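Read off the chains here:
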Amino acid sequence: MKPSLQVARNDLLTVLDVFPTDEDFLSLGAVPSAGVPPPYHGLLVHEHHMTVSMEEFHGAPVDVRILDRRHVGDWYARKILLTLKGSGRVVQYGIVRIDFRLCPPGVPEAIVSGDTPLGRVLIEHNVMRRIQPLAFLRVTPGPALMTAFGLGNEPRTTYGRLAYIHCNEQPAVEVLEVAAP
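Calculation notes
Residues numbered from 1 in each chain as written. Predicted model: local features only at pLDDT ≥ 70, side-chain atom pairs only at ≥ 80, totals over all residues. Heavy atoms only, no water. Helix = DSSP H or I, 4+ residues; strand = E, 2+ residues; numbered from the N terminus. Buried < 20%, exposed > 50% of the residue type's maximum accessible area, 1.4 Å probe, protein only. Contact = heavy atoms within 4.5 Å. Phe/Tyr/Trp six-rings, centres within 6.5 Å; stacked < 30°, edge-to-face > 60°. Pairing = 2+ DSSP bridges. Axes fitted to C-alpha atoms, helices over the stretch in contact; angles between N-to-C directions.

### Side note on unusual backbone geometry
Consideration 1: Each neighbour pair has its own omega, and for Pro38 with Pro39 the value is -5°, a cis peptide bond.
Consideration 2: Within the element layout of this structure, Pro39 appears in the loop between strand 1 (25-31) and helix 1 (40-44).
Consideration 3: Of note in the backbone geometry, Asn168 takes a positive phi value of approximately 50° without being a glycine.
Consideration 4: At Glu169, a residue that is not glycine, the phi angle is positive and equals roughly 65°.
Consideration 5: Note on Glu169: relative accessible area 53%, which makes it exposed.

### A closer look at the environment of Cys103
Consideration 1: Within the element layout of this structure, Cys103 appears in the loop between strand 4 (90-99) and helix 3 (107-113).
Consideration 2: Along the backbone, Cys103 and Leu122 are 19 residues apart, and their C-alpha atoms lie at a distance of 9.2 Å.
Consideration 3: Sequence-distant contacts of Cys103, that is, excluding residues within four places in its chain, are made with Ile98 and Pro108.

### Quick word on the packing of aromatic side chains
We describe a pair of aromatic rings using the distance from one ring centre to the other and the angle between the two ring planes.
Consideration 1: This model, assessed by the stated rule, comprises three aromatic pairs.
Consideration 2: Taken together, a centroid distance of 5.5 Å and an interplanar angle of 90° make the contact between Phe25 and Tyr93 edge-to-face. Placement of the pair is Phe25 in strand 1 and Tyr93 in strand 4, with a sequence separation of 68 residues.
Consideration 3: Classification of Phe25 as buried rests on a relative accessible area of 1%.

### A word on the sheet that holds strand 6 (residues 158-167)
Consideration 1: Spatially, 1-5-6-7-4-3-2 is the arrangement adopted by the seven strands of the open sheet, whose pairing is antiparallel. On the outer flanks of this sheet lie strand 1 and strand 2 (62-72), each paired with one strand and no other. Neighbouring strand axes in the sheet, compared pairwise and without regard to direction, differ in orientation by 25° on average.
Consideration 2: Where strand 2 meets strand 3 (residues 75-84), ten bridges bridge the pair, whose relative direction is antiparallel. Each bridged residue has a counterpart across the sheet, and for Arg70 the counterpart in strand 3 is Ala77.
Consideration 3: With respect to the sheet, helix 2 (residues 50-58) is in contact with strand 2, strand 3, strand 4, strand 6 and strand 7 (170-179), its orientation differing from that of strand 4 by roughly 170°.

Here you go:
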């Protein structure tokens, strides 16, 4: 599936080209921030790391499960699930693409190791960062995400966002983040 969205920066949509998404989404549609309902609004409409937002909302730390990854030169991308530590329940799906040339020493190695969610890596390395949400999305999960989110065969609408993470005032990371329903 090749979602067609009109967002602030169409070049960010190329983050969806990194991994096939046919099984992940039945539909994606842009919505204004005011159109994101609770509790998704509190989870998505802000300038903070989703790692921290998910941990605060669910009252537990999260782990990262890498579904797929690509590493070519200075560019690294991965498709992930964030899961609650202990229960393993999936709370977020994401795709990130990172320009390692814009990351301080030690950060690329910590990200590639795959042991820690991206937001936590940046926090632990004291990277000066700023999250810039660009678009908010209404999402209907496809078969793969319905399974990951534990929805059975009945898709339920959820919400997500497209954003840049600026490291030291450079747009180093492109992200698609989708909260579990």
